[in-house]
Amino acid sequence: MRACTTTICSRFRTGAVRPCFPSAAVVRRPLVHQPSVCPRPPIPSHVGCLDHTSRGLNTRRMVVVEAALAGPALAVGAVGLAALLAWLDAVNKSQKPQLIYSATSFNTTVLSRCPTLHSVYQCTPFLTNGHVETIVVAKARKAPGVDYRREILIAQDGGAVAIDWEHHDDAGKDLPLDAPVLILFPGLTGGSGDSYVQHAVLQARHAGIRAAVFNSRGTAESPVLTPQFYSASFTGDAREVVDHVAKRFPNSTLFAAGWSLGANILVNYLGEQGADTPIEAAVSMCNPFDLTISNKQINEGFNKIYNWNLAAGLKRIFAKHHLVWRGHPGPAQPHLVPSVTTIREFDEAITVHSFGEDPSARALVTPMQLLVEDPLQVSMRPSQCTASARASCKFC
């Protein structure tokens, strides 16, 4: 049998044992009941309570730690699941652009030089919804910071527009005088300072093309000299800008590209001019061809957000030039501008009076022009125009 050495307190057990203090003696006695195990010393009742309390605290600590770890784990799992669903959604919606055209030699040649039109457009995860993409890009995309030099063009009616050209202090970086020129038509309230315009300017330069940004009256801090803004139905300024650029660079090929309302003005101008224009080719992006339908849709559902935002932009531009309208005879109602909330309300207060239109007429101008017999349209959505109804469809 093995002897086991124990130390016990005389308060809890009598006999020839040492008390619990330094001079206490050690009692050695044989253990017959468990030869290989040393018996545990007795635990005071208050010590047992403390032991249970300690175990409870440890248990609670473990529960808190597990909960703290479970929160981030669930968050990571949720983010991972959302990313997976977004990726699957983007893959499902990625497709080739739909091309609507007649197989003329011109259209075939254009398409052969645009390989991206034949490849699948890869949607960006989380940005497959049109509203989400519009808002995120507008808020998150940064302008690259293009330096411009400004040219003020005085129109025949006494008004003024600003043409911004990319500027480099180093003359060695300038493009040749005969380099192609691309005239850019920004959207409503847009101008040379907007990020999408600046990115287009840089992309044009990388392709060896000189870009000229046409800033409509009052946009991009351009001056307003007469009580008149701009309109989709007014192509006078566009015509003067195109002619001016063509005269300044007589040996250059002229191109044009427009977004939204700028595209509408561009297409209207090209339709009016026909073959009598120095522009060799043009691109129309996000064009609200039928303004009557567009006006109706922009007042429905979530589109109202865009309506309010664009109306606010028009109000900010007008506020910088409101003195031009002060005391000017005419039917315009500049005092109503601070209270307008929609584009239509601003038009009725200011725009329609600039061009002699009747503000009581609800129909808007629809500058849909048939530019060529068999134009080319690129769309990411199925077209509603069938071959049999093609005669009534006008594309650019």
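Residues numbered from 1 in each chain as written. Predicted model: local features only at pLDDT ≥ 70, side-chain atom pairs only at ≥ 80, totals over all residues. Heavy atoms only, no water.

1. Here's the deal with the environment of Thr-277
Along the chain, Thr-277 falls in the loop between helix H6 (260–273) and strand S9 (279–285). Among the residues examined, Thr-277 registers a relative accessible area of 16% and is labelled buried. Each C-alpha atom, one on Thr-277 and one on Ala-246, is 9.6 Å from the other, the two residues being 31 residues apart in sequence. Residues in contact with Thr-277, not counting those within four places in the same chain, are Tyr-269 and Leu-270. Of note is the side chain of Thr-277, whose polar atom sits 3.3 Å from the backbone nitrogen of Ile-279. (Helix = DSSP H or I, 4+ residues; strand = E, 2+ residues; numbered from the N terminus. Buried < 20%, exposed > 50% of the residue type's maximum accessible area, 1.4 Å probe, protein only. Contact = heavy atoms within 4.5 Å. Polar contact = N/O pair within 3.5 Å; in protein donor to acceptor, adjacent residues only side chain to side chain.)

2. Quick word on helix H8 (residues 303–321)
Over its 19 residues, H8 runs 28 Å from end to end, which matches the ideal 27 Å to within 8%, given 1.5 Å per residue. Listed as buried for H8 are Asn-307, Ala-311, Gly-313, Leu-314, Ile-317, Phe-318 and His-321. For H8, the arc enclosing every buried residue in end-on projection is 155 degrees, short of the 170-degree limit, so these residues lie on one face. Residues Arg-316 and Lys-320 are exposed on H8 and point more than 90 degrees away from its buried face. Buried residues along H8 sit in contact with helix H9 (343–354). (Expected span 1.5 Å × (residues − 1). Arc of directions from axis to C-beta.)

3. Section: H6
Owing to its 3.6 residues per turn, the α-helix aligns residues three or four sequence positions apart on the same side. Taking 1.5 Å of rise per residue, 14 residues should cover 20 Å, and H6 covers 20 Å from first to last C-alpha, within 8% of that figure. With respect to burial, H6 is a largely interior element, eleven of its 14 residues being buried. The complete set of buried residues in H6 reads Leu-261, Gly-262, Ala-263, Asn-264, Ile-265, Leu-266, Val-267, Asn-268, Tyr-269, Leu-270 and Gln-273. Elements that come into contact with the buried residues of H6 comprise strand S6 (181–185), helix H5 (236–248), strand S8 (254–259), S9 and helix H7 (291–297). Of the residues one or two after H6, Gly-274 is the one with positive phi, at around 65 degrees.

4. Focus: the pairing of S9
Pairing analysis gives six bridges linking S8 to S9, with the strands arranged parallel. Counterpart to Ala-257 in the pairing with S9 is Val-283. Crossover connection from S8 via H6 to parallel S9: handedness right-handed. (Pairing = 2+ DSSP bridges. Right-handed = clockwise from strand over helix to strand, strands pointing away.)

5. Re the pairing of strand S7 (residues 210–215)
Among the six residues in S7, six count as buried, and that is most of the element. Residues of S7 alternate between two faces, with Arg-210, Ala-212 and Phe-214 on one and Ala-211, Val-213 and Asn-215 on the opposite face, all of them buried. Direction of pairing for strand S5 (residues 160–166) relative to S7: antiparallel, over a ladder of four bridges. Within S7, the residue paired with Trp-165 across the bridge is Ala-212. As for the winding sense of the linkage, the β-α-β connection from S6 through helix H4 (residues 195–206) to S7 is right-handed.

6. Comments concerning the packing of H5 against H6
Direction vectors running N to C along H5 and H6 enclose 75 degrees, while the axes themselves pass 9 Å from each other. In terms of axis orientation, H5 runs roughly perpendicular to H6. Each of Ala-238, Arg-239 and Val-242 in H5 lies in contact with H6, whose residues at this interface are Ile-265, Tyr-269, Glu-272 and Gln-273. (Axes fitted to C-alpha atoms, helices over the stretch in contact; angles between N-to-C directions. Parallel < 35°, antiparallel > 145°, perpendicular 65-115°, else oblique.)

7. A word on the sheet that holds strand S4 (residues 148–154)
Ordered by their spatial adjacency, six strands build an open sheet running S4-S5-S7-S6-S8-S9, and the pairing between neighbours is mixed. The open sheet is flanked by S4 and S9, the only strands paired with a single partner. The sheet shows a mean angle of 20 degrees between the axes of neighbouring strands, direction not considered. Each of S4, S5, S6, S7, S8 and S9 is contacted by H5, which is oriented at about 120 degrees to S4, the strand it contacts most.

8. Regarding the nonpolar core
Soluble globular proteins tend to bury their nonpolar side chains together. With 40 residues, the main nonpolar core has Ile-183, Phe-229, Val-241, Phe-346 and Ile-350 as its most contacted residues. Of all the secondary structure elements, the ones that give two or more residues to this core are S5, S6, S7, H5, S8, H6, H8 and H9. Discounting residues that sit within four places of it in the chain, Phe-346 has contacts with Phe-229, Leu-314, Phe-318, Val-337, Val-340 and Thr-351. Among the nonpolar cores identified, the runner-up in size contains twelve residues, and Val-197, Ala-200, Val-213 and Ala-257 belong to it. (Core = buried A, V, L, I, M, F, W, Y, C linked by side-chain atoms within 4.5 Å.)

9. So, the confidence of the model for the protein
Averaged over all residues, the pLDDT of the protein equals 79, while 72% of them reach at least 70. The model gives residues 359–373 a pLDDT under 50, and that stretch makes 34 contacts with residues more than four places away or in other chains. Low pLDDT, under 50, characterises residues 380–396; the stretch is placed with 28 contacts to residues that sit more than four places away or in other chains. (pLDDT = per-residue confidence, 0-100.)

10. Here we look at the packing of H8 against H9
Relative orientation of the contacting elements H8 and H9 amounts to 35 degrees, with a least axis distance of 8 Å. In this structure, H8 contributes Asn-307, Leu-310, Ala-311, Leu-314 and Phe-318 to the contact, and H9 contributes Ile-343, Phe-346 and Ile-350. Here the contact of H8 with H9 is composed, by residue class, of seven nonpolar, one polar and no charged. (Nonpolar A, V, L, I, M, F, W, Y, C, P; charged D, E, K, R; others polar.)

11. Let's talk about unusual backbone geometry
Residue Phe-126 is not a glycine yet carries a positive backbone phi of 75 degrees. Tracing the backbone shows Phe-126 in the loop between helix H2 (105–112) and helix H3 (130–140). Phi at Ala-220 is positive, roughly 55 degrees, even though this residue is not glycine. Within the secondary structure, Ala-220 is located in the loop between S7 and H5.

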